[in-house]
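Below, each chain spelled out in residue letters.
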Amino acid sequence: MHDLIIIGAGPAGLSAAIYAKRAGLDALVIERAPTCGGQVLITYEVDNYAGLPGINGFDLGMKFKEHADKLGVAFAEGDVTSLSCTTSGDDHTAGQWHITTDAGEYDTKTVLIASGADHNKLGIPGEAEYTGKGVSYCATCDGAFFRNKVAVVNGGGDVAVEDAIFLARGCSKVYLVHRRDALRATKVLQDELLSLPNVEVVWNSVVTAVTGDGNRVGAVTLKDVQTGEERSLETAALFVAIGIHPLTEICTGLARMDENGYLLAGEDGVTSAPGLFVAGDARKKRLRQIVTAVADGANAVTAVTDYLVGKA
C-alpha cells in the first residue's frame, strides 16, 4: 500500500517524486515509456530553463531522473489501463485508489496524474524525423533558436497566430500556412498579425512534407487545396500549432475536466476527487513549460502531504 503513486515521469512527475521522497512518503512512479523524462527528451536544445542555458533536452531529462535515483525513488514501467476509487468519503487512512497497468496492479492512498499532454501531429513525411531538428510544437520554447531565420507556422487558430506574432519578433520572415481562406483566431490577434511586415499568410494551403539534410529542416512542401499545385518553401523551422490533447483518459468520470479533457485544479493540484491530484501539462493552465511542470510537481506533493495528515 503506497502513500502516493505518480503516473508519468516527465518533469512534473520527477519533480513530484523528488519532493515526495524528501517528505518521507512511500511513493512509486509509473511510466509507460522505457526512458523517463517525457517530451523534454525529444527537445533538441532547452534554452529557457534557469541555470542550464542551452542544455540538450535529453540531458536535462536524465538529470531529473538521476536526481530522483539518487534519493532512492521507486519506479515501475507500465501503461496504466484503469484507475478506480475503492473507498468513498474523506477517508485519509485507507487505500482508496486502485491502479491497473499492463504489467501489474497497485493500491495507493493518493494518486498524482502527471501523464502530460501530446501535441496533435500533421502525420506527414519528415515530421517525426525532424522533430527537435527544426520541427517544433512550441514557439515560446524553441523560437529563439531561429532568430534572423525563416520560419513556417502551420495552423489558423489563436495559438498559431500567437506563435507567428511571437516568432516575427526575432525571425527574418514568418509564413503562416492555413488550409482555409480565413483564420479562426480572434479578430484582435488577426489584426496584429496582418499588420506585421515580415509575416505572410499562405491561404488555402497545407504542409505535406518536411525535408532537410538529415540534421536540420531545409524546406517544407506546400499544397494548394484548391488547385492541387505543390511547391517547395525554404525554411529553417516548422512550428505545428494544430492543438494538443491531454493524456487523461483514465480520469474520465472521476474528476472534473474542461471540454478538452484537461483536469481542473489550481496550483495546488487538487482535483474534485478526494485523493486525486494533477501536475504538469494534464492540468488546465495558461503556460505549459518545463519550469511550470516542475513547480506543479512540488506544489501537488505539498497538497498530497497535507491531505494524508488530514489538514486538507
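All values derive from a computational prediction rather than experimental measurement.

Colleague: Explanation requested: the sheet that holds strand 10 (residues 173–177) in the structure shown.
Modeller: Strand pairing in a sheet is mediated by backbone hydrogen bonds. Such pairs are either parallel or antiparallel. Strands sit in the order 8-15-9-10-11 across an open sheet of five strands; the sheet is parallel. A strand with exactly one partner marks an edge of an open sheet, and here the two such strands are strand 8 (135–136) and strand 11 (199–202). With two bridges joining them, strand 8 and strand 15 (residues 237–240) adopt parallel strand pairing. Residue pairing in the sheet places serine 136 in a bridge with phenylalanine 239 of strand 15. Against the sheet, helix 4 (residues 158–168) makes contact with strand 9 (150–154), strand 10, strand 11 and strand 15, and its axis sits at roughly 170° relative to strand 9, the strand it touches most.

Colleague: Honestly, the pairing of strand 13 (residues 217–224) in this entry has me stumped. Any pointers?
Modeller: Across seven bridges, strand 12 (residues 205–212) lies against strand 13 in antiparallel orientation. Opposite valine 210, over in strand 13, you have valine 220 as the bridge partner. Turn length for the strand 12-strand 13 hairpin, with the two strands adjacent in sequence and antiparallel, is four residues, and the turn residue glycine 214 shows positive phi of about 100°. Judged from the five bridges that link them, strand 13 and strand 14 (residues 230–234) form a sheet pairing that is antiparallel. Within strand 14, the position partnered with threonine 221 by the bridge is serine 232. Linking strand 13 back to strand 14 in an antiparallel pair, the connection comprises five residues, with glycine 228 at a positive phi of about 80°.

Colleague: In this structure, what is going on with the side chain of aspartate 296? I would like to understand it.
Modeller: One can find aspartate 296 in helix 6 (residues 290–308). With sequence-adjacent residues up to four places away left out, aspartate 296 is seen in contact with Ala279, Gly280, Arg283 and Lys285.

Colleague: What am I meant to see in unusual backbone geometry here?
Modeller: For residues other than glycine, phi is negative in most cases, and the peptide bonds are mostly trans. One non-glycine residue, asparagine 148, lies in positive phi territory at about 65°. The topology assignment puts asparagine 148 in the loop between helix 3 (139–142) and strand 9. In this structure asparagine 148 comes out as exposed when scored by relative accessible area, which is 61%. Its identity is not glycine, yet asparagine 204 carries a phi of approximately 50°, on the positive side. The topology assignment puts asparagine 204 in the loop between strand 11 and strand 12.

Criteria and cut-off values
- Residues numbered from 1 in each chain as written.
- Predicted model: local features only at pLDDT ≥ 70, side-chain atom pairs only at ≥ 80, totals over all residues.
- Heavy atoms only, no water.
- Pairing = 2+ DSSP bridges.
- Helix = DSSP H or I, 4+ residues; strand = E, 2+ residues; numbered from the N terminus.
- Contact = heavy atoms within 4.5 Å.
- Axes fitted to C-alpha atoms, helices over the stretch in contact; angles between N-to-C directions.
- Buried < 20%, exposed > 50% of the residue type's maximum accessible area, 1.4 Å probe, protein only.

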